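# Structural overview
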Amino acid sequence: MKVRTRFAPSPTGFMHLGGLRTALYAFIFARKHGGNFILRIEDTDRARYVEGATEVIYETLRECGLNWDEGSDKGGGYAPYIQSERMKDGLYMKYALELIEKYEAYYCYCLPEAETCDCKNSKIRKPDIPFVIRQRIPCGGTTAFKDEVYGEIKVDNSEIEDQILIKSDGMPTYNFANVIDDHTMNITHVIRGNEFLSSTPKHVLLYKAFGWEPPVYIHAAPIMRDASHKLSKRDGDAYFSDFKAKGYLTRAIVNYIALLGWSPKGENEIFSLEELSSEFDISGISKSPAIFDEVKMRAINAHYIRTLPLEEFKLLAMPYICASAPESEPPAIDYDILCAALQPRTEVLTDITPQVDFIFEVRDYQADLYNNKKMKTSPETAFSALKDSLKIINTDGFSRDEIYDAFKALSEKNGVKIGYYLYPLQVALTGKPAAPGGGLDICVMLGKDESLRRIEKAIVKLS
RNA sequence: GGCCCGUUGGUCAAGCGGUUAAGACUCCGCCCUUUCACGGCGGCAACAGGGGUUCGAGUCCCCUACGGGUCACCA
C-alpha cells in the first residue's frame, strides 16, 4: 500500500516551529517511502480562524521545500482539502448519520451546560430542537492501539465520555472530522504532536465503530522552551518568520528542528532535505520533549553560512552590509575581500551589520586601543609605526603581496613581529580592536587612497 | 484530581542485559595567526531516587519524586 501522510494545520496564525517540525517529519517520511504528502486545512472552528493564516502556511512550507503532493491549491484525487469545503457536501453529517443507523451514535439535545447527558436512548429520529450527535462509547472494556514511538497504549473505555461528533452549529468536531478525513483521504500514517496521544483512543473507537482500519500512529514529543514550558507563540520567538528575521537560513532552521526529537543513525548532524528524506527513521524519534537551544541552532546556521560559495554569501550579505549605511551609496571598496573575511565571522546574517560600520567611516575611538600586549604596541609605538606604514602603502603598485613583503622586511629588520605594524594599521583604518580581517586585509579592501587618508588622520590624532 | 506519557553531562542525544557510557553544541586549554574569527588538537561534565529480577542493569519489573499531556459543542 502506498504511504500517504498529511499535515493538517488549523489556520490560526503564523507557522510555529513545532508545527513546522511535524510537517517536516510527515514530509520526509512520505518521501522516504515513496509516498504522498498531503496538506489539509482544518478550519472547522470559525471563531479561531485568522485571515491570511492559510497563506502563511503555504508560503512557509514552500520556502522550506516541503512540497505537498495534494492540497487545496493543486488538487489531487481526494479534493477538497479544506474542511470547511468538505463540509459543504454534507460529508461529515453523512458519516454521523451512518453511525446513528448502526446504533453507534445518537442525537443529544442536552444544553451545553448540562452536567450529565441522559440522551443515550434518545430516538433515532432527528429532534426539532438544537442537538448534537454523540458517539456511543462502550461502557466496559478497554481500547488499545500501538504507537510507533510510544508502543502499546491502552485505556479503559470508562475514561472516555460519549464524544460529540457534530456540534449544534452543524460543524463536525475536530476529532470527528479528523478521522473522517484521514480515512476518506486514505492516510496511512498519522504523524502529529503527542498532545494527541490522549485522544487517539477516541479516534480508534471511531474507526472501530465504522469498521475501518486505523492508520499507523506516530506521535512526536513537543519542542520546549525550558523543562516545563512548550515553545509557544507567546514566547515571541517560536515562529519560523522570527528566525528568518534574525538572519537564519531556511535550510539551517529545517536541519536543526529535524534534530530536535529525532536522532540520525550516524554521527553526522548536517542534512539537506533530500538527505533527511533518506536518513529519516521512526526508530530515531524520541519519546521525551526536547528543549529548544538557539545556541546550537546558531552553530548549525554558522556551518551553513561558512560552506556557502562566496558569491552566494555575498548576495545574502550585501543587504546587511548596507544596513548601516548613512544614506548614500555604499563606498567603492573591494566587497569580495570584505565578504571573504566576513563569512567565517558570521553565525547569523544579522551579525554582519555591526561588524562593517567602519567601511562608511571610522567612529571615534580611544587612543589606548593601540595598546596590545601581544603585539607590543602602544599609542607611542603606533605613532611611528603608522608613519612607516604610510610610506609603505603609498606605492605605485599597491598589491597585497608587495605591501606584505615590505612590512615583513621592515619588521625583521627591526626585530619585531609584523603585528607591530599591522595591528596599529588595523586600528587606524577601522577604529576597532577586532575587525573582519587584519590591518593589511582592511587596507587592501579600502583601497590606497582611503587607507592613506585614514592613516594620516590617525597620525594626527596621536600627535 | 483521574487517565496517559516521559526522566542519560548545561542543551540535543547514542545506547536495546556485559561499553573506558558515543557524538554534536556550549565552556576551558593549546596550536595556527597581523586583530577577531575559521580550522586543528586536547579537556571538564551524565544514567532522578529507592527497591527488586539477574552471575551481571542506563538497559527488564515495581514504588517514589519531578516534568509534560489530556479530560471542551478548541484544534
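Cut-offs applied
Residues numbered from 1 in each chain as written. Chains lettered and ligands numbered in written order. Predicted model: local features only at pLDDT ≥ 70, side-chain atom pairs only at ≥ 80, totals over all residues. Heavy atoms only, no water. Buried < 20%, exposed > 50% of the residue type's maximum accessible area, 1.4 Å probe, protein only. Helix = DSSP H or I, 4+ residues; strand = E, 2+ residues; numbered from the N terminus. Pairing = 2+ DSSP bridges. Salt bridge = Lys/Arg side-chain N within 4 Å of Asp/Glu carboxyl O. Near = heavy atom within 4 Å. Polar contact = N/O pair within 3.5 Å; in protein donor to acceptor, adjacent residues only side chain to side chain. Nonpolar A, V, L, I, M, F, W, Y, C, P; charged D, E, K, R; others polar. Expected span 1.5 Å × (residues − 1). Contact = heavy atoms within 4.5 Å. Phe/Tyr/Trp six-rings, centres within 6.5 Å; stacked < 30°, edge-to-face > 60°. Core = buried A, V, L, I, M, F, W, Y, C linked by side-chain atoms within 4.5 Å.

## Focus: the pairing of strand β4 (residues 132-135)
Burial of β4 is two-sided: the residues V132 and R134 facing one way and the residues I133 and Q135 facing the other way are all buried. As paired strands, strand β3 (residues 105-108) and β4 are joined by 4 bridges and run antiparallel to one another. Opposite A105, over in β4, you have Q135 as the bridge partner. With 2 bridges joining them, β4 and strand β7 (residues 164-166) adopt antiparallel strand pairing. Paired with R134 across the bridge in β7 is I164.

## Re unusual backbone geometry
Look at the link from A79 to P80: it is a cis peptide, with omega at -5 degrees. With respect to the secondary-structure elements, P80 resides in the loop between α2 (53-63) and α3 (83-88). Look at Y103: it is not a glycine, yet its phi comes out positive at around 65 degrees. Mapped onto the elements, Y103 comes out in the loop between α4 (91-101) and β3. At K376, a position not held by glycine, the phi torsion is positive, near 55 degrees. Relative to the helices and strands, K376 resides in the loop between α13 (352-355) and α14 (379-393).

## Structural notes on the pattern of salt bridges
Summed over the entire model, instances satisfying the criterion amount to 27 salt bridges. Linking R40 and D182 is a salt bridge whose minimum nitrogen-to-oxygen distance equals 3.0 Å. Here R40, found in the loop between β2 (36-39) and α2, pairs with D182, found in helix α5 (residues 174-184); they are 142 residues apart in sequence, far enough to count as distant. Here the two residues R40 and D182 agree in accessibility, since each one is buried. Several salt bridges converge on common partners, so that one network encompasses R6, R40, E42, R86, D181 and D182.

## A word on the protein's contact with RNA strand B
As a matter of local geometry, RNA strand B sits amid 60 residues, with S10, K167, E269, R345 and G437 nearest to it. The share of sugar and phosphate among atoms of RNA strand B within 4 Å of the protein is 72%. One nitrogen or oxygen atom from the main chain of S228 is found 3.0 Å from a phosphate oxygen belonging to RNA strand B. Counting residues per element, the ones that place at least two in the surface near RNA strand B are β6 (151-156), β12 (290-291), α10 (294-306), α16 (419-430) and α17 (439-446). A breakdown of the residues in the surface near RNA strand B according to their chemical character gives 26 nonpolar, 16 polar and 18 charged.

## Focus: α14
Relative to the 21 Å expected for 15 residues at 1.5 Å per residue, α14 spans 20 Å between its end C-alpha atoms, a close match to the ideal helical length. Residues of α14 that are buried: P379, T381, A382, A385, L386, S389, L390, I392 and I393. Elements in contact with the buried residues of α14: α15 (400-413), α16, α17 and α18 (448-462).

## What about the packing of aromatic side chains?
Taken as a whole, this structure holds 19 aromatic pairs when the rule is applied. Judged by centre distance (5.8 Å) and plane angle (70 degrees), the ring pair of F145 and Y217 falls under edge-to-face. Residue F145 is located in strand β5 (residues 142-147), and its partner Y217 is located in strand β9 (residues 216-220); the two are separated by 72 residues in the primary sequence. Each of the two residues, F145 as well as Y217, counts as buried.

## Quick look at the environment of G65
Mapped onto the elements of the fold, G65 is located in the loop between α2 and α3. Taking the C-alpha atoms as reference, G65 lies 24 Å from N194; in sequence the two are 129 residues apart.

## A look at the side chain of T22
Summarising the element assignment, T22 is placed in helix α1 (residues 17-32). Accessibility expressed as a relative area gives 15% for T22, which makes it buried. If we ignore the near neighbours within four places in the chain, the residues touching T22 are F7, I191, R192 and G193.

## With respect to the nonpolar core
Within the largest apolar cluster, 105 residues are counted, with the highest numbers of intra-cluster contacts made by L24, L61, L66 and I321. The element contributing the most residues to this core is α1, with 10 residues. Aside from chain neighbours lying at most four places away, what touches L24 is L66, V254, I257, A258, L273 and L276. Within the second largest apolar cluster, 31 residues are counted, among which are Y95, I133, I153 and L206.

Note that every value here comes from positions in space, so none of it alone points to a role or purpose.
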